[in-house]
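Coordinate analysis (summary)
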Amino acid sequence: HVQLQAYGGGLVQAGGSLRLSCAANRRILPFNVVGWYRQAPEKQRDLVADISSRAYSNYADSVKGRFTISRDNAENTVYLQMNSLEPEDTAVYYCYARQGYLNYWGQGTQVTVSS
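This one's a predicted model, so the numbers in the text were calculated from it and none came from an experiment. (Residues numbered from 1 in each chain as written. Predicted model: local features only at pLDDT ≥ 70, side-chain atom pairs only at ≥ 80, totals over all residues. Heavy atoms only, no water.)

1. Looking at the packing of aromatic side chains
Tallying each qualifying case throughout the model produces four aromatic pairs. Ring centres of Tyr37 and Tyr96 lie 4.8 Å apart, and the angle between their planes is 85°; this geometry places the pair in the edge-to-face category. Of this pair, Tyr37 sits in strand 4 (residues 33–39) while Tyr96 sits in strand 9 (residues 91–99), placing them 59 residues apart in sequence. Members of the aromatic cluster, each reached through a chain of ring pairs, are Tyr37, Tyr96 and Trp105. Directly above the ring of Phe31 sits Arg26, whose terminal nitrogen or CZ lies 4.9 Å from the centroid. Positioned over the ring face of Trp105 is Arg45, at 4.8 Å from the centre of the ring. (Phe/Tyr/Trp six-rings, centres within 6.5 Å; stacked < 30°, edge-to-face > 60°. Helix = DSSP H or I, 4+ residues; strand = E, 2+ residues; numbered from the N terminus. Lys NZ or Arg CZ within 6 Å of the ring centre and 35° of its normal.)

Structure (structure tokens):
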């Protein structure tokens, strides 16, 4: 089975940075897209950023200019560099991958940004 393991969440003050990592137990290149969603309390799970197998990146408007998604195919890992963090970024961040109609999710990592 496909497994996605997220790392890098934590507590940071506003204006700080974190880098999330998502390591897969298989090659990620065959996935159509890999990326990150987040879910804040009482909010729906929302796309943060994703990157296609052709390295096309997509970002939520709220994180454009602050977050950068990248992919290391050799390491089977996707990263999310988060800069200028705001309290509104507080959420559980979920790594995901999609291949056709198959969707895979990591268990999530908590990011908390304090004022």
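Structure's up, so let's keep going.
2. Here we look at the sheet that holds strand 3 (residues 18–24)
Spatially, four strands are ordered 1-3-8-7 in an open sheet, and the strand pairing comes out antiparallel. Across the chains shown, the open sheet's two edge strands, defined by having one partner strand only, are strand 1 (4–7) and strand 7 (67–72). Taking the axes of each pair of neighbouring strands and ignoring which way they run, one obtains an average angle of 15° across the sheet. Both strand 1 and strand 3 contribute to a ladder of four bridges, which runs antiparallel. Bridge assignment links Tyr7 to a residue of strand 3, and that residue is Ser21. (Pairing = 2+ DSSP bridges. Axes fitted to C-alpha atoms, helices over the stretch in contact; angles between N-to-C directions.)

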